[in-house]
Amino acid sequence: MSTALLFRELPTARESLATVTAIGDDGVVVTDATLFYPHGGGQPGDRGAFITADGRTLAVNDTRKGEGGQVCHLLDPGHGLEVGQSVTQQLDWPRRWAHMRMHTALHLLSVVVPHGVTGGSIGADRGRLDFDLGDASFDKDELTERLNALIAADHPVTSEWISEAELDAHPELVKTMSVAPPRGAGEIRMVRIGDIDYQPCGGTHVASTAEIGPVRVASIKNRGARNRRITLVWGDDNAQGGEPS
Ligand SMILES: [Zn+2]
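Chemist: Break down the pairing of strand 10 (residues 126-132) for me, with residues and values.
Modeler: Two strands pair when backbone bridges link them, and strand 9 (residues 116-122) and strand 10 are joined in this way by six bridges, in the antiparallel orientation. Note that in strand 10 the partner of Gly116 across the bridge is Asp132. The antiparallel hairpin formed by strand 9 and strand 10 contains three residues in its connecting segment. Judged from the seven bridges that link them, strand 10 and strand 15 (residues 227-234) form a sheet pairing that is antiparallel. Its bridge partner lying in strand 15, Asp132 is registered against Asn227.

So this is what it looks like as structure tokens:
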């Protein structure tokens, strides 16, 4: 049985009930539904805890994709959970909120640097994208200014589904050359930021760009003849960002 991906439609939910559907080796626990994002698309797997009905708190150290659409939560071995048991899932919310903000900021980076993306990584303190820039060059301070203008403009961030055939008819929508969009059920999840960005993405995002808060381009580094790595960090006094109401 596949796991219902609650983080897709409820990206700001921090706590939810779930039922254990499978127990794997090395502390793996699968549930019928989850708020925990499994590592993928450059975004780390969520951490947090499962709270049992008898009040035990079990740390979730990481979350990964499993077979057949299952989501595997990695607990400490010896957790004692059994199939059929109910648990309350609690996200490590400050970490996940930072990932959502940085993830959305990287979408904006792909707007101000309109070149093919060859790789990327998201963290709570920093994020980066690698671009196939060819001969193009960019200035750190100018990029920082343009990013913060897009953030302050408070563009709404929404998602929708299109068919795989529709995506195949518009290959220009895929900006990331290194990661194929998630396929399988015949549908592709598209993420839209106002009228400035529209691309396939399965990650979690903030609801509007102002929630990101100020960012700064920390470095632009050479990664081979054509590739440049652009790293973003939070701007001044923006470790927490604007919490959603
Ligand atoms: Zn995304």
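From this point, things continue past the structure.
Chemist: Requested: an account of the coordination of the zinc ion, with residues and values cited.
Modeler: Here the zinc ion is held by His103 (NE2), His107 (NE2), Cys201 (SG) and His205 (NE2), and the distances to it run 2.0 to 2.1 Å. Here the zinc ion binds four donor atoms, and the angle range of 99 to 127° at the metal identifies the geometry as tetrahedral. Counting residues between consecutive donors of the zinc ion along the chain gives the motif H-x3-H-x93-C-x3-H. Within this pair, whereas His107 is found in helix 2 (residues 93-112), its partner His205 is found in the loop between strand 13 (197-200) and strand 14 (215-222), the two being separated by 98 residues in sequence. Each member of the pair, His107 as well as His205, is classed as buried.

Chemist: With reference to specific residues and values, describe the pattern of salt bridges.
Modeler: Evaluation of the coordinates by the stated rule reveals seven salt bridges. Between Asp132 and Arg226 there is a salt bridge; the shortest N-O distance is 2.8 Å. You can see Asp132 sitting in strand 10 and its partner Arg226 sitting in the loop between strand 14 and strand 15, a full 94 residues away along the chain. Here the salt bridges do not stand alone but share partners, grouping Arg128, Asp130 and Arg229 into one network.

Chemist: Which residues make up a positive patch on the surface, and what are the values?
Modeler: A cluster of basic residues, Arg126, Lys140, Arg216 and Lys221, forms a positive patch on the protein surface. Relative to the helices and strands, Lys140 resides in helix 3 (residues 140-152).

Chemist: Which residues make up the sheet that holds strand 12 (residues 187-193), and what values do they have?
Modeler: The three strands lie next to each other as 11-12-13, forming an open sheet whose pairing is antiparallel. Edge positions in the sheet fall to strand 11 (157-163) and strand 13, since each of these pairs with one other strand and no more. Taking the axes of each pair of neighbouring strands and ignoring which way they run, one obtains an average angle of 25° across the sheet. Here seven bridges tie strand 11 to strand 12, and the two strands are oriented antiparallel to one another. Among the inter-strand pairings, Trp161 is bridged to a residue of strand 12, identified as Arg189. Of the strands in this sheet, strand 11, strand 12 and strand 13 are in contact with helix 2, which crosses strand 13 at around 115°.

Chemist: Explain the side chain of Arg189 residue by residue, including any values.
Modeler: Relative to the assigned elements, Arg189 resides in strand 12. Nearest to the buried, unbridged Arg189 among oppositely charged side chains is Glu9, at 5.3 Å. A polar contact of 3.0 Å, which involves the side chain of Arg189, links it to the backbone oxygen of Gly203. Setting aside residues no more than four positions away along its own chain, Arg189 makes contact with Arg8, Ser159, Glu160, Trp161, Gln199, Pro200, Cys201, Gly202, Gly203 and His205.

Procedures and definitions
- Residues numbered from 1 in each chain as written.
- Predicted model: local features only at pLDDT ≥ 70, side-chain atom pairs only at ≥ 80, totals over all residues.
- Heavy atoms only, no water.
- Pairing = 2+ DSSP bridges.
- Helix = DSSP H or I, 4+ residues; strand = E, 2+ residues; numbered from the N terminus.
- Donors = N, O, S within 2.8 Å, 3.2 Å for Na, K, Ca; no water.
- Tetrahedral: all angles 85-135°; square planar, octahedral: opposite > 155°, others 65-115°.
- Buried < 20%, exposed > 50% of the residue type's maximum accessible area, 1.4 Å probe, protein only.
- Salt bridge = Lys/Arg side-chain N within 4 Å of Asp/Glu carboxyl O.
- Patch = residues over 30% accessible without salt bridge, like charges linked within 9 Å, V, L, I, M, F, W, Y side chains within 5 Å.
- Areas by Shrake-Rupley, 256 points an atom, 1.4 Å probe, with all protein chains shown as cover.
- Lys, Arg positive; Asp, Glu negative; His and termini not counted.
- Charge placed at Lys NZ, Arg CZ, Asp CG, Glu CD.
- Axes fitted to C-alpha atoms, helices over the stretch in contact; angles between N-to-C directions.
- Contact = heavy atoms within 4.5 Å.
- Polar contact = N/O pair within 3.5 Å; in protein donor to acceptor, adjacent residues only side chain to side chain.

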